[in-house]
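Fold and geometry: a report
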Amino acid sequence: MITLGINMLVGLVATGIIGGGIGGLLSSIVISKLGFDVTVFEEHEFIGLPKHCTGLVSEETLNNIVNYSGINLKEVIKAKFDEYMIVRFVSNRFNVALNLKFSKNVLLIDRVKTEQLLAHRAKDLGVNIRLRSLVSSVRVNQKGKYVVKYMSKHNVNNTTFSYLIIAEGAKRMLSSKLGLCKHVRNYYGLQTLIKVSSKHDVKAPLIIVGPVSKYFFGWIVPVHDELIVGIMDKAPPTEVYTSLTMLIRKYLKRLINTENFEIEEYFGGLIPYDMTCTLGVGNICSIGDASSLVKPLTGGGLYVIAKQIKALSEAFKGHRDNVAILYRDKLSPLIKALRRDLVVKRFIDSLGGYDSLVRFLSVFTNTLKVYDYDNLLGTLLSSFSMLTKEFL
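Overview of the structure. (Residues numbered from 1 in each chain as written. Predicted model: local features only at pLDDT ≥ 70, side-chain atom pairs only at ≥ 80, totals over all residues. Heavy atoms only, no water.)

Before going further, it helps to spend a moment on the pattern of salt bridges. Counting across every chain of the model gives 12 salt bridges. Glu 83 serves as the salt-bridge partner of Lys 101, at 3.0 Å between the closest nitrogen and oxygen. Here Glu 83 lies in strand E4 (residues 77-90) and Lys 101 lies in strand E5 (residues 93-109), a separation of 18 residues in the sequence. For Lys 101, a relative accessible area of 35% corresponds to the partly exposed category. Where Lys 330 meets Glu 314, a salt bridge forms, and the shortest distance between an N and an O atom there is 3.6 Å. One end of the pair, Lys 330, is in helix H8 (residues 323-330); the other, Glu 314, is in helix H7 (residues 302-316), and 16 residues separate them in sequence. When its relative accessible area of 39% is taken as the criterion, Lys 330 is described as partly exposed. If you follow the salt bridges from partner to partner, you end up with Arg 88, Asp 355 and Arg 359 in one network. (Salt bridge = Lys/Arg side-chain N within 4 Å of Asp/Glu carboxyl O. Helix = DSSP H or I, 4+ residues; strand = E, 2+ residues; numbered from the N terminus. Buried < 20%, exposed > 50% of the residue type's maximum accessible area, 1.4 Å probe, protein only.)

What follows is the structure, encoded as structure tokens:
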């Protein structure tokens, strides 16, 4: 309460952000620039850890992140790709069924370094980042302010804020308690970083459909002398781990044409697939996985976060009340597009998943041109239209 009083005296409004990932840190930067006194609560000891994401993004999305934050673009890019190769398992072997050719490069970024740079930038702007601070509850006091209860260094503390941004990730525990999420359903993505001690054949990311994942896919992304190998699926984590182990032990040496490799680490996390959460209420807004918004066709979240950051910035200008109303309004076109993609994704699942889709498309062509990495549905629809016309 004393902290809130001091903030009001100097003209700043106290804003709490729960979660110190990319969404939370970007939010802290743009909100602090608007004149808010910002505190970020992060449950882990280090920013950027544990790892949980591959880090493939479009140039446009990364440029938006850089423009909002001011971090150095060159420091976070690890690789650039102008194509993906989609691989199917046929007759006891993997074959390249489709090539996705991109009009603009897809970038592989260092997620850990990106988040650490964002944290440094936030601190430079005066943001208070509290590490090892686990928020357990939020309540509204008699003055309509939000009282955040959190544990730090075995002590239970309470801090009061005028605004809250929920960026807690896909578990959505607080989002559920606050009534923002009706249901919480997630896919699970598990990855390994593999060190290759001899020359391998992977020059572009391989997307693997078929036996390794029923509802999504596996992937192999080359990073110099290392490979990121992963799988995402709707199955429980233990089954995803079993599938990833099978991919590595049974198929990897065939896919990369060498057996001189070793696993350095495992990492991964949850990916929302339900879109049942509201984006906010009153002066509470949610962002990233906490809002249950990702690209349904791929599970990618950074594109959505970049869009949400723009909406947050516009909604928080003027320190207005009931900021969530304007925030939701600004994101309405994005929500409609994502819901459309979700319907298509469920239709693909009903037909047998991506393996069936790739099998069908590969009958007509071996290359698809992708003009917008963040709108793969548009590519699929235009390609299907063209292929149908050629076939007829």
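Tracing the backbone shows Ser 175 in helix H5 (residues 173-177). For Ser 175, the residues in contact, after removing those within four places along its chain, are Ile 166, Glu 168, Leu 180, Cys 181 and Ala 290. (Contact = heavy atoms within 4.5 Å.)

This part is about the sheet that holds strand E8 (residues 146-152). Judged by pairing direction, the sheet is antiparallel, and its 3 strands sit side by side in the order E7-E8-E9 without closing on themselves. Two strands in the sheet have a free side with no partner beyond their single neighbour: strand E7 (133-140) and strand E9 (155-161). Neighbouring strand axes in the sheet, compared pairwise and without regard to direction, differ in orientation by 25° on average. With 7 bridges connecting them, E7 and E8 associate as antiparallel partners. Counterpart to Ser 137 in the pairing with E8 is Lys 149. (Pairing = 2+ DSSP bridges. Axes fitted to C-alpha atoms, helices over the stretch in contact; angles between N-to-C directions.)

Function cannot be inferred from these measures alone, as they are strictly geometric.
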